[in-house]
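Spelled out from the first residue to the last, the chains are:
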Amino acid sequence: MEKVLIVTGASRGIGAAIARQAAADGWVVAVNYLRDAAAAAGVVAQIEAAGGRALAVQADVARDEDIERLFATVQRELGPVSGLVNNAGITGGLGTFSAAEPATMERVFRTNVLGLMQCSRLALAAFRAHGQGGVIVNISSTAATAGSPNEYVGYAASKAAVDTFTMGLGKEVAAEGIRVCGVAPGTTQTDIHATSGDAGRPARVAARIPMLRVGEPEEIAEAAVWLLSPAARYITATTLRVSGGA
Ligand code: NAD
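The structure displayed is predicted, hence computed values, not measured ones.

Student: Would you mind showing me how to read the site of the ligand here?
Tutor: As a structural note, the neighbourhood of the ligand is formed by 26 residues, with Gly9, Gly13, Gly89, Thr190 and Ile192 the closest of them. Secondary structure elements with two or more residues in the shell around the ligand: helix 1 (13-24) and helix 7 (192-195). It is helix 1 that provides the largest number of residues to the shell around the ligand, a total of three residues. Across the shell around the ligand, the residue classes break down as nine nonpolar, 14 polar and three charged.

Next up, the structure:
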């Protein structure tokens, strides 16, 4: 059986790096994207040029019906799924909690938490259907344990929910040969900062990081792909910080 992996939000940034590295590690990769079909096709082309196999699939992980379609498409086109990286995530924009709209918080939790849970639910069903086990890696954030006051309080709370979900679900399904792990990146050089209205954030925070620099998407991907691999077979229900010491 080929190892089929779904990476959500994989058209750029950390998700794209995970998709490329996972393909190099032998996974057949479904590159999920929200809007940027050209970017997703670019990631697929990079994977194919390196000798791997990949498929771009549009789906909004904030919508349950899209997630159903994502899994159905991937299983039909690529085969049984045995890996999922819940990478898609949004901050909801920069600012204090007091200034944040309730609707924004709803969008953040629907994407970062409920969408991640629904993807995990369908992944578990897929793993159980083929009976060969499986692995889920949830992309959290160091914000989960820092709170991110005055910047991303709601986002940080959503990532704390992700960490607790990783711990609980990991324990719940461990005896079935299914692992659930997390990676918590520190500030990483991606477009998320510009999208959040704070393109200068990486340069500004670098001096506060013990290693005196922000992370690169490839450095986060290394950890995620290792957690997906048999080398991490005794690791579950835990989240690894990849943050230069932050
Ligand atoms: P990014 O904005 O470059 O990438 C996120 C991707 O998710 C985008 O391609 C976006 O289109 C996609 N996405 C957003 N909502 C979606 C939805 N509803 N359905 C499908 N796809 C959706 O950001 P990134 O930095 O690469 O972020 C990847 C993950 O890493 C996120 O979960 C983020 O919270 C986390 N993270 C990032 C940093 C950082 O500093 N960059 C730090 C800690 C954690």
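Having seen the model, we can carry on.
Student: What exactly am I supposed to notice about the packing of helix 3 (residues 64-77) against helix 4 (residues 102-130) here?
Tutor: For any two helices packed against each other, the geometry comes down to the angle between their axes and how far apart the axes lie. Their axes nearest at 10 Å, the elements helix 3 and helix 4 cross at an angle of 30°. Considering the relative orientation of helix 3 and helix 4, their crossing is right-handed. Two secondary-structure elements touch here, helix 3 through Asp64, Ile67, Phe71 and Gln75 and helix 4 through Gln118, Cys119, Leu122 and Ala126. Residue classes in the contact of helix 3 with helix 4 are distributed as five nonpolar, two polar and one charged.

Student: Explain the pairing of strand 5 (residues 134-139) here, please?
Tutor: Burial analysis of strand 5 places six of its six residues in the buried class, the great majority of the element. Where burial is concerned, the two faces of strand 5 agree: the one with Gly134, Ile136 and Asn138 and the one with Val135, Val137 and Ile139 are both buried. By the bridge criterion, four bridges tie strand 4 (residues 81-86) to strand 5 in an arrangement that is parallel. For Asn86, the partnering residue across the bridge sits in strand 5 and is Asn138. Chirality of the crossover, the property in question, places the unit of strand 4, helix 4 and strand 5 among those that are right-handed.

The rules we used
Residues numbered from 1 in each chain as written. Predicted model: local features only at pLDDT ≥ 70, side-chain atom pairs only at ≥ 80, totals over all residues. Near = placed C-beta within 6 Å. Helix = DSSP H or I, 4+ residues; strand = E, 2+ residues; numbered from the N terminus. Nonpolar A, V, L, I, M, F, W, Y, C, P; charged D, E, K, R; others polar. Axes fitted to C-alpha atoms, helices over the stretch in contact; angles between N-to-C directions. Left-handed = near helix turned anticlockwise from the far one by under 90°. Contact = placed C-beta atoms within 7 Å. Buried ≥ 20, exposed ≤ 12 C-beta atoms within 10 Å, placed from the backbone. Pairing = 2+ DSSP bridges. Right-handed = clockwise from strand over helix to strand, strands pointing away.

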